[in-house]
Structure formats: structure tokens, C-alpha cells
Amino acid sequence: MGIKAGAEEDEGKAMLLDSALDSMPLFAKELLAGGIAGGFAKTVVAPLERVKILFQTRRAEFHSSGLLGSVSRIAKTEGFLGFYRGNGASVARIIPYAALHYMSYEEYRRWIMLTFPDVSKGPTLDLMAGSLSGGTAVLFTYPLDLIRTKLAYQVVSPEKLNVSGMVHHEQVYRGILDCFTKTYREGGVRGLYRGIAPTLVGIFPYAGLKFYFYEEMKRHVPEEYKKSIMVKLTCGSVAGLLGQTFTYPLEVVRRQMQVQNLLASDNAEMKGIMKSLLVIAQKQGWKQLFSGLSINYIKVVPSVAIGFTVYDTMKSYLRVPSRDDAGVEVVTNKRISQPSSQTQ
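Thresholds, definitions, all that
- Residues numbered from 1 in each chain as written.
- Predicted model: local features only at pLDDT ≥ 70, side-chain atom pairs only at ≥ 80, totals over all residues.
- Heavy atoms only, no water.
- Core = buried A, V, L, I, M, F, W, Y, C linked by side-chain atoms within 4.5 Å.
- Buried < 20%, exposed > 50% of the residue type's maximum accessible area, 1.4 Å probe, protein only.
- Helix = DSSP H or I, 4+ residues; strand = E, 2+ residues; numbered from the N terminus.
- Contact = heavy atoms within 4.5 Å.
- Expected span 1.5 Å × (residues − 1).
- Salt bridge = Lys/Arg side-chain N within 4 Å of Asp/Glu carboxyl O.
- Patch = residues over 30% accessible without salt bridge, like charges linked within 9 Å, V, L, I, M, F, W, Y side chains within 5 Å.
- Areas by Shrake-Rupley, 256 points an atom, 1.4 Å probe, with all protein chains shown as cover.

Peer 1: What is the right way to look at the nonpolar core in this model?
Peer 2: Most often, soluble globular proteins have nonpolar side chains that are buried together. By size, the foremost hydrophobic cluster in this structure holds 12 residues: Leu 21, Ala 33, Ala 37, Ala 41, Ala 98, Tyr 102, Ile 306, Val 310, Tyr 311, Met 314, Leu 318 and Val 320. Breaking this core down by element, the ones donating at least two residues are helix H2 (26–44), helix H6 (87–115) and helix H12 (293–317). Sorting elements by how many residues they give to this core places H12 first, with four residues. Here Ala 37 is in contact with Gly 307, Val 310 and Tyr 311, once residues within four sequence places are set aside. Counting 11 residues, the second largest nonpolar core, distinct from the first, contains Tyr 97, Tyr 142, Leu 146 and Ile 196.

Below, the structure is given as C-alpha cells:
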């Protein structure tokens, strides 16, 4: 009796779960899948992200040490948790960012196909949908990215340790809320969006090119391998690397604009994208525009791989139809509804 009752209870829970999944809107499933994928992937690569930000912003202190030396320096001065400084703000940003990015990409793609039924389903469609979704996600989550950068920029060195070459100063921000409050007091809403111009200029081509390269590479994959997860991850990783390379200087400009008020007062003020690019190239050398790119390569590959894997797994678990099936259904419904509306 007990075993039978337990089986019936499990069956009842499964039916409730099935009912909940069936009643959940498609966009909500895509939001949930994207958020979980983004948060998990970002946490895995957080140590590399911290080192990269320090390379981009603390040039004098970390460039001479190199990658391994910088890792050793952070470990000595801040311990293991130092590699995750700012990761709370990063995850708080990436969950809504990834959720919006994936969901809005799918929605923009369906909207374009609905509005323009004759548009070809190819890389150009993904370029447009990816660019729009990247800009949308940035606009909604940029203040959290700014806060993440400011927290990651700080290097807190305990008094008992004295590592030569480190800048010793008191911690400026003591957490996400403290950083948000002080940033708002210093510059208001404009202060929370400092550096968003190069971010938007960078994210439109990056997000678009990432999807463009991904779909273009998949077109050259033999049909029998197109459903392979490894093939998808490989295509996504290479697409991310190519997109990142073309737009990376804009990310360096964004990071330096975000922490400008924390830099030494004799640094040239950065206003505008082109002026900031010239200032960095003239004062710090053109190589600074690609500072941290090698670390970013190491970070992007596992990040994209993990993100795609988790996203696909969650979509399968949440029973999200493939984007091609959803697109065909949208266009079909559009064409069916047109004649009926004309006869009324």
C-alpha cells in the first residue's frame, strides 16, 4: 500500500509539473532558460573575468606581472575569494541580461518573420535579431555592469601582507548596494549609465556578428552532424571569439570610462568614443586597446560552451520548441489570418 501510495503521489507531482510547464508562456520559458545559463556560465569563468578587468584598468600594476603573475598577486593579497570580487554584481547583472538577451533574440526573430513573412531564414535574420536583442539587454542591465566593474577594479590588500607594486588604499565600495548608492549620489542616473555609449556601439555588432557567424558556420556543417551538441558548442565558441575580436577595443574604452573617477587625477578625461580611443592609444599605446584579449579568449570559449549547453538543456527540460518550428508556426498563422481578415 505504501509503495502504491508513493507511486501515485509521484505521478500526481509529475502531472502538476507537466500542467505548469504547459501553461507557462513561451517567453517565460526562454527567460528562465537564458537566466540560468548565463548565471552558471558567468560564475565558472569569474576568476578570468576579474583578471581581465584588472588588465584593462590597472595597467601599471598588472601588465608587468603577466597572466600567471597577476593570478599569484590576487591570491596573495586577497585570497581565493579575491577572484570572485564583483561576481555577485556580475551574476546579478548576467541573469537578467542573459534572460533578456536570449528571450528578446527569439522574440525579435519571430517578430521579423511575422512582420516580413518573405524574409529568408538565414544569417542576415540572425544578425538583425541578435543586434536588437543585445541592445535591449544592455539598456535594462547596464547599471549592474557598471557596479560589477567598479567592485572588480578594487584591489584590497590586507595590512599584514605587503606585496611590492600594489597600490594601498582603503576600500572605496563595500558591496553592491553601497556601490550603487554612492554612484547614484555622485552622478545620478547619468552616473549609473556612464560608458554606455561604447557599450551599445560594441554590443550591436558583437551580438549580431556572434549569431551571424554561428548560423553561417552551421550552414557548412554536414546535415548528419547539425544536431550534435559538440558541433553547436564549437560553432558558438568560434563565433564568439570572432565577434569579440572585432569589437574588443570598445570594451576597453567602456571599462576605463566606468572607473575614470577612481583613476589618478592626472589621467586625461574620456568623453566620447572616438576621443577616448585616441586618448588610450596616445597615452597608453595602441596595444592597450587589446589589453586582456588573450584572457578573454580563454574565458569566452568555456563561457559560450557552458552557456549554450545549459540553455539547450533548459529549453529541452521546459519543452521549448526549436526556433525554426516556432518561426514556421508564426508565419503560417500570419498567412492564415490574412485571408480571413480580408473577408470580414
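Peer 1: It is not clear to me how H2 should be interpreted in this structure. Could you clarify?
Peer 2: The α-helix winds at 3.6 residues per turn, so residues separated by three or four positions along the chain end up facing the same way. Taking 1.5 Å per residue, 19 residues should reach 27 Å; H2 reaches 28 Å between its end C-alpha atoms and fits that length. Listing the buried residues of H2 in full gives Lys 29, Glu 30, Ala 33, Gly 34, Gly 35, Ala 37, Gly 38, Gly 39, Ala 41 and Lys 42.

Peer 1: Looking at this model, I keep getting lost on the pattern of salt bridges. Mind explaining?
Peer 2: Two side chains of opposite charge can pair, provided their charged atoms sit close to one another. One pass over the structure, following the stated rule, counts six salt bridges. We note a salt bridge from Arg 110 to Glu 30, for which the minimum N-O separation is 3.1 Å. Here Arg 110 is found in helix H6, whereas its partner Glu 30 is found in helix H2, with 80 residues between them in sequence. Here Lys 182 ties to Asp 178 by a salt bridge, and the two come within 3.3 Å at their closest N and O atoms. Here Lys 182 pairs with Asp 178, and both are found in helix H8 (residues 176–192), just four residues apart, close to one helical turn. Here Lys 182 falls in the partly exposed class, since its relative accessible area comes to 29%. What makes Asp 178 partly exposed here is its relative accessible area of 23%. Overlapping salt bridges, with partners in common, bring together Glu 30, Glu 107 and Arg 110 in one network.

Peer 1: Please clarify how a nonpolar patch on the surface should be interpreted in this entry.
Peer 2: A cluster of nonpolar side chains, namely Phe 180, Tyr 184 and Val 189, defines an oily patch on the protein surface of about 290 Å² accessible area. Checked against the element boundaries, Phe 180 lands in helix H8. Take Phe 180: its relative accessible area is 34%, and that puts it in the partly exposed class.

By themselves, these figures tell us nothing about what the structure is for.
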